[in-house]
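A structural walkthrough
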Amino acid sequence: MNSIKTSWPNVLAAFLLVTTTTISSVNCLYEDQIKKFDWKTTQIGGVSQAYLELNGFQPRLLVSTRENVIASLCPKTGEVIWRQIFETGARGNIKLLQLSSAASAGDNTAAARPGSTSGFDLLTVQGHAPALVRGWNANTGNLEWEWSLMPIQVEKALSSMWFYRNAMLYHVLPVWKSHLEVTPYFASSGQATGNTAKITAPWISEEKCLLAGTYLACVEGSQLISLDLTANQPQVLTKALGEVSGKPLKAVEGLNGVVVVDGKLVSVKDDIKTCDSLRADSFTIGRFNNQNVIVTASIKDKNLVIDGYTLDTCQQVSELSHSLLYPEHYGPAQIKSFDCKVNRNSDGKGCLFIADTTDDSILAIQQSKFRWTRSEALANVIATEFIDLPLADSEGELENEMKGKAADIVSAFVHRIGSQVMHFKSLLLHVVGLGAKPSATQKAGIVRDAFGLHKMLVVLTKSGKVFGIDNISGKQHWQLYLKNVEAFGNGEQMRLLIQRTSKHFPLQALCVVVAKDKLNGNGVLYRFNPITGQAAEGGLTQLNYKIKQLSLLPETDTDFVKGLLLVDANDRIQVYPENAKAKADGLYIYTANKAKSSLNGFHIKYENNKLTTIPLWNVDLSGHNGDHEIIAVASKNPIERVHSQGRVMPDRSVLYKYINPNLVAVFTQASDSIHKYLLNVYLIDVVSGSVVFSMMHRKVRPPLHVVHSENWLAYAHYNDKVRRTEITTIELYEGKTQANSTVWSSLSAPPMPLVERQTYIIPTLVTSMRETITERGITSKDVLIGTSSGSIVELPWALLDPRRPISSSSNGRDEGALPYVPELPLPTENMINYNQTIPRLNYIYTAPSGLESTCLVVSAGLDVFVTRISPSKTYDLLKEDFDYILISIVLVVLTTGSLVAKHLASRKSLKQAWK
């Protein structure tokens, strides 16, 4: 017994040692690997309000944006000091941003120290049901206090307006074409100071009215009608305007009772001082040399011209006059704020001007130069593509030489030797400094690497801005802006397509943006070089018809350009370029009408230099009551390659995959009196029109996110019955015999597939999904899931496999398959963006690299995050910590040992021969 007792400390020590060893051996990201293979941008969105202060204890630029974000920027560099992100949509819409130092001089209760509840440093009003009034610490971004207001009629409160005056916060609730309801509150407490005033105003309308300080101004015909909302007895003020172009009114921040009508300042009444002779694109007010100054900004002859005028005398202030070349990739600028640093000279060199553009850029201008710029269009990414970079100069020369076809093996050998001699000569010339100068792309580092990991990331944004970004460093190489374009009317975004890659040297890569014209609704094409950003093949093309459907042709022409096939509103076919029409002969296309919940299939025929469509089939998915609506259509990735045709079963037979490249998943939704929500899933062959599989979910509703790849389908949805997010997976198999092992044909009536399906619980809200893709399809597939918390989780398909057995003794299942567990794990080591969370994550795109093991990933929400992942690890690449010295020493020792052994063996055999 004594020996047993004395052994307990040893056992405990051994247990602690094993436990410590087990806990310490976990998967992690080393500190030196952070941002080594990835990068991230920090965005805030286009500016709606801005306050610039340069003379305070801490210079700051406070802004509110159209993306429902308030932020503080460094005036020197434009970097984000802090930001607060509100809800999307009307609930987070920022109605008012008020800085205490920008309040009126008679207001002595606005400013407050941090932590005080008697005033505010920065005040915001957001949303409408409820409206949240919050006080912030402008230096740190911390919330100091808040109060809320819940309206009685939520619908009317959507268009409510707020303004601040003399420590009072006024809530203006317009009832269009009827009256106004104005209620004052103490800004810091939310206590109402009196009854709500109802002002009869039958002329007000949402399109023609706005707040101009304490006045509500409206344009009615050729008159400006306004009301003073702070007056005890509001009176209707009218002012003749003459001819009005119909452009919307604009208010000038800081000027009470002044609006901008057709580029001209107009006061609501005569006793309000303004400079009505000024004409400009935008106006703002500030102080310079202890005087109130109006600053104007206009674009004239491709220059941005900024001028300043005193508010009292309207005389020009020469120190505030600036003119600088305005790049074409920026839209029209609206000046938002300016401030001047107080110095002895007062020469205007310390003045900084902040402007916002229609392409969602923020410009900081000082001394007729751009001090810094921010590309906030990246807060709304809608499409991306990875483009292979061009070859290096020396590799390009070799490519040109190898294009000539040799007649026989001797001439090919001579040609090869000659090229090697020329490369050796070029190397010597570069060593002595007499070689050819490198090209512009090579100087910029835009050169293809050996593994195809270095590419150009082309990004299309919602505002029509296109970026060319280095996917390794995140550097923006070029920008271009498409004016007056927007998304298509049925909810489809603008499209970015690759018509020619960089693999066809010396031909340059070619991309096209397909969009809708804002003015007439017709289609717009813009073709450009994705490496340089310059227009190509005619650049901008205005179409004279509306686009209903579009696709790239599968075959290329003599210039290796894939033609763009367009279907107009009358189901007529157009192809760009024109010489690629013949390539569209024999194709099958389909269109989906979301409003009518129907799909139509067509066959394209080319005769007499004309393309015609022949209707083949129609599928009506509207249901027996006609209330079903198409909410999503998901097809497979056109560049996807399937490496494995089947799965090996435990009995060594093969279960062949149902790999139909023409299969499309269609989702419809309807309301039901019993089950509340119905979600229908249809797998349709869009060549023959046959419904391969259908399934219904009851009490299931969006948000819906779909991934369709190979022979499987995965989609995330919300289960309203148990109030949780679930992921349903479906796999299709032909069986143990393959109908056609060479070419798939949808017209030969293939047998209906065997269907495996399963549903899993995911303990988070899914915001986006995407599958990984590689060059040859050999690497295992993973599914990238974007969550509401901003993380991207990489889940292996083995966890989502619908063939996971219920128990380990299930017959007919794959060897090594994981037993079915309803809830999916979300381990932190599977989050590919570790702690780099992406607010409002809604977009994930994947592309193959030159390495079969590696997949390139770009994800976007409010920020942009770019990285690369290896679903099956980097099996085709040596590790970073590979010991080259050790392996070299081993090889040298083994080689030396083999030579010594050979010599000793020969000596031994020689001695034995002489015996």
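Look up: the structure comes first, before these words.
None of these values were measured; they are calculated from a predicted model.

Structural notes on the overall build of the protein chain
Counting secondary structure elements, the protein chain contains seven helices and 59 strands. Put simply, 51% of the contacts in the protein chain that link residues at least 6 apart link residues at least 24 apart. In the protein chain, which carries 91 positive and 85 negative side-chain charges, the distance between the mean positions of the two groups comes to 3 Å.

Section: the sheet that holds strand 31 (residues 465-470)
The four strands lie next to each other as 29-30-31-32, forming an open sheet whose pairing is antiparallel. The open sheet is flanked by strand 29 (381-388) and strand 32 (476-481), the only strands paired with a single partner. Averaged over all neighbouring strand pairs, the angle between strand axes comes to 15°, with direction disregarded. Bridge count for strand 30 (residues 455-461) against strand 31 is five bridges, and the pairing is antiparallel. Directly across from L460, in strand 31, lies its bridge partner V466.

Quick look at the environment of I869
Here I869 shows up in strand 59 (residues 864-869). Remark: the alpha-carbon pair of I869 and R701, spanning 168 residues in sequence, is separated by 32 Å.

Considerations on unusual backbone geometry
Most peptide bonds take the trans form, and the phi angle of most residues other than glycine is negative. At the junction of F505 and P506, the peptide bond is cis and its omega measures out at 5° in the coordinates. Along the chain, P506 falls in the loop between strand 34 (495-500) and strand 35 (510-517). Put simply, Y576 and P577 share a cis peptide bond, and its omega is 0°. With respect to the secondary-structure elements, P577 resides in the loop between strand 40 (573-576) and strand 41 (588-593). The backbone of N289 shows a phi angle near 55°, a positive value even though the residue is not glycine. Structurally, the position occupied by N289 is in the loop between strand 21 (282-288) and strand 22 (291-300). Positioned with a positive phi, C314 is a non-glycine residue whose angle comes to about 60°. Secondary-structure assignment places C314 in the loop between strand 23 (303-310) and strand 24 (316-325). Residue C314 is classed as partly exposed on the basis of its relative accessible area, which comes to 26%.

Let's talk about the environment of F288
For F288, the position within the fold is in strand 21. Residues F288 and F338, 50 residues apart in the sequence, show an inter-C-alpha distance of 9.7 Å.

Quick look at the pattern of salt bridges
According to the stated counting rule, one finds 28 salt bridges in the structure shown. A salt bridge links D121 to R60; its shortest N-O distance comes to 3.7 Å. Remark: R60 occurs in strand 3 (residues 60-65) and D121 occurs in the loop between strand 6 (94-99) and strand 7 (122-126); sequence separation between them is 61 residues. R60 carries the same exposure label as D121, and that label is buried. In this structure, the salt-bridge partner of D571 is K548, at a minimum N-O distance of 2.9 Å. Of the two residues, D571 is situated in the loop between strand 39 (562-568) and strand 40 and K548 in strand 38 (residues 547-556); the sequence distance between them amounts to 23 residues.

Focus on the state of the cysteines
Linking two cysteines covalently via their sulfur atoms produces the bond known as a disulfide. The tally for this structure, following the rule as stated, stands at three disulfides. The disulfide partner of C209 is C218, and the S-S distance across this bridge is 2.0 Å. In this structure the cystine formed by C209 and C218 twists about its S-S bond by roughly 115°; its chirality is therefore right-handed. Covalently, C275 is tied to C314 through a disulfide, its sulfur atoms 2.1 Å apart. An S-S torsion of about -100° defines the bridge between C275 and C314 as left-handed. Placement of C275 in the loop between strand 20 (264-267) and strand 21 and of C314 in the loop between strand 23 and strand 24 is noted, with a sequence separation of 39 residues between them. A relative accessible area of 0% means that C275 is categorised as buried. What links to what in the protein chain: the bonded cysteines, counted in sequence order, pair as 1-2, 3-4, 5-6. The closest cysteine sulfur to the non-disulfide-bonded C74 is located on C340, 18 Å from its own sulfur. C74 gets classed as partly exposed once you look at its relative accessible area, which sits at 21%. As a non-bridged cysteine, C855 has C511 as the owner of its nearest cysteine sulfur, 19 Å distant.

Reading the values: the criteria
Residues numbered from 1 in each chain as written. Predicted model: local features only at pLDDT ≥ 70, side-chain atom pairs only at ≥ 80, totals over all residues. Heavy atoms only, no water. Helix = DSSP H or I, 4+ residues; strand = E, 2+ residues; numbered from the N terminus. Contact = heavy atoms within 4.5 Å. Lys, Arg positive; Asp, Glu negative; His and termini not counted. Charge placed at Lys NZ, Arg CZ, Asp CG, Glu CD. Pairing = 2+ DSSP bridges. Axes fitted to C-alpha atoms, helices over the stretch in contact; angles between N-to-C directions. Buried < 20%, exposed > 50% of the residue type's maximum accessible area, 1.4 Å probe, protein only. Salt bridge = Lys/Arg side-chain N within 4 Å of Asp/Glu carboxyl O. Disulfide = S-S within 2.5 Å.

Honestly, it's all geometry; don't read function into it.
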